[in-house]
Amino acid sequence: QKEVEQDPGPLSVPEGAIVSLNCTYSNSAFQYFMWYRQYSRKGPELLMYTYSSGNKEDGRFTAQVDKSSKYISLFIRDSQPSDSATYLCAMSASRIQGAQKLVFGQGTRLTINP
Amino acid sequence: GAGVSQSPSNKVTEKGKDVELRCDPISGHTALYWYRQSLGQGLEFLIYFQGNSAPDKSGLPSDRFSAERTGGSVSTLTIQRTQQEDSAVYLCASSLTGQPATQYFGPGTRLLVL
């Protein structure tokens, strides 16, 4: 079983819809939770990160972390065709030296249809 | 400012040959990471540098893989005696010390082993 599980999709929604992307994880040591966006043939781009549980909002994007359920979400409001990309969740255990690596989900391919 | 840069962007090699991949991190970022992204395995951690030392090499898949970092800046990932299963996108990321949640990725090197 993978440490981080993410539905690979593909997910296709109409422009303007609210998109919900999710990941589950098994390692209770994870403290940092990140969402990356990756366009085709490009490197991942950091969208947002959250420390521990709670919500964080940045423009049309909202990240939620529920550590009790080991479940994280990314919501995209008023989705645009330019949001079409693969979205990767990533997690890290702590700031202790040697625990800096990110563990990624498989990525969800999202298409926003005009 | 300039982001993480990687070279070459694409590399085609024959099975059994050695290859060197280069990463230039963001100026001032003391932490540097190598990851590999392949269709079947997703995005996987390879090695982490803090300055010129590598406290975590746990992701290197075999002793054919090695990496070094000099001057606390540029890093080189070397794959000896390449195999077809080494074909993947090799991604480099950098961050400030103690901030694994904010890793910024380069565009990657696409390696194809024939």
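Scroll up for the structure.
A brief structural summary.

Each value, and the rule that gives it
- Residues numbered from 1 in each chain as written.
- Chains lettered and ligands numbered in written order.
- Predicted model: local features only at pLDDT ≥ 70, side-chain atom pairs only at ≥ 80, totals over all residues.
- Heavy atoms only, no water.
- Helix = DSSP H or I, 4+ residues; strand = E, 2+ residues; numbered from the N terminus.
- Rg over C-alpha atoms; globule rule 2.2 N^0.38 Å.
- Buried < 20%, exposed > 50% of the residue type's maximum accessible area, 1.4 Å probe, protein only.
- Contact = heavy atoms within 4.5 Å.
- Areas by Shrake-Rupley, 256 points an atom, 1.4 Å probe, with all protein chains shown as cover.
- Lys, Arg positive; Asp, Glu negative; His and termini not counted.
- Charge placed at Lys NZ, Arg CZ, Asp CG, Glu CD.
- Pairing = 2+ DSSP bridges.
- Axes fitted to C-alpha atoms, helices over the stretch in contact; angles between N-to-C directions.
- Buried area = accessible area lost by both parts, 1.4 Å probe.
- Polar contact = N/O pair within 3.5 Å; in protein donor to acceptor, adjacent residues only side chain to side chain.
- Nonpolar A, V, L, I, M, F, W, Y, C, P; charged D, E, K, R; others polar.

A few words on the overall build of chain B. If you tally the helices and strands in chain B, you get zero helices and eleven strands. Secondary structure of chain B in N-to-C order comes out as β-β-β-β-β-β-β-β-β-β-β. Against the 2.2 N^0.38 benchmark of 13 Å for 114 residues, chain B shows a C-alpha radius of gyration of 13 Å, consistent with a compact globule. For chain B, with 114 residues in total, the buried portion stands at 48%. Of the contacts formed within chain B by residues at least 6 apart in sequence, a portion of 54% connects residues at least 24 apart. Accessible surface, chain B as shown: approximately 5,100 Å² in total, 47% of it carbon and sulfur. Separation between the mean location of the 10 positive side-chain charges and that of the 10 negative ones in chain B comes to 2 Å.

Here we take up the sheet that holds strand 8 (residues 75-79) of chain B. Residues and elements named next belong to chain B. Ordered by their spatial adjacency, four strands build an open sheet running 1-3-8-7, and the pairing between neighbours is antiparallel. Pairing within the sheet leaves two strands with one partner each, and these edge strands are strand 1 (5-7) and strand 7 (65-69). Neighbour-to-neighbour, the strand axes of this sheet turn through a mean angle of 15°, independent of strand direction. Summarising the sheet, strand 1 and strand 3 (residues 19-24) pair through three bridges and their orientation is antiparallel. The partner of Ser7 across the bridge, within strand 3, is Arg22.

Residues and elements named next belong to chain A. With six bridges joining them, strand 4 (residues 32-38) and strand 5 (residues 45-51) adopt antiparallel strand pairing. Opposite Trp35, over in strand 5, you have Met48 as the bridge partner. Counting the residues between successive antiparallel strands, the hairpin from strand 4 to strand 5 contains six residues, one of them, Arg41, with a positive phi of roughly 65°.

This part is about the pairing of strand 7 of chain B. Residues and elements named next belong to chain B. With five bridges joining them, strand 7 and strand 8 adopt antiparallel strand pairing. Across the sheet, Ser66 pairs through a bridge with Thr78, a residue of strand 8. Between strand 7 and the antiparallel strand that follows it, strand 8, lie five residues; Gly71 among them carries a positive phi value of about 65°.

Next up on the list: the sheet that holds strand 1 (residues 4-6) of chain A. All names here are of chain A. The five strands are arranged 1-3-8-7-6 in an open sheet whose pairing can be described as antiparallel. Two strands close off the open sheet at either side, each with one partner strand: strand 1 and strand 6 (54-58). Direction aside, neighbouring strands of the sheet carry axes that sit 15° apart on average. As defined by bridge partners, strand 6 adjoins strand 7 (residues 61-66) across five bridges and the pair is classed as antiparallel. Pairing of Asn55 across the sheet is with Gln64, part of strand 7.

Counting residues at the interface gives 25 residues for chain B and 21 residues for chain A. Both sides of the chain B and chain A interface together cover about 1,900 Å² of buried area, and 56% of this is carbon and sulfur. On the chain B side of the interface with chain A, the three residues burying the most area are B:Leu43, B:Pro100 and B:Ala101, jointly 27% of the side's total. Connecting chain B to chain A are three residue pairs in polar contact (both at pLDDT 80 or more). When contributions to the side of chain B that touches chain A are tallied by element, the ones reaching two or more residues are strand 4 (31-38), strand 5 (42-50), strand 6 (53-56) and strand 10 (104-105) of chain B. Examining the composition of the side of chain B that touches chain A, we find that five residues originate from one element, strand 5 of chain B, more than from any other. Tallied by class, the residues present in the side of chain B that touches chain A amount to twelve nonpolar, eleven polar and two charged.

A few words on the side chain of A:Ser73. Residues and elements named next belong to chain A. One can find Ser73 in strand 8 (residues 71-76). Judged by its relative accessible area of 4%, Ser73 is buried. Of note is the side chain of Ser73, whose polar atom sits 3.0 Å from the side chain of Asn22. Contacts of Ser73, omitting those with residues within four sequence positions, involve Leu21, Asn22, Trp35, Thr62, Ala63 and Gln64.

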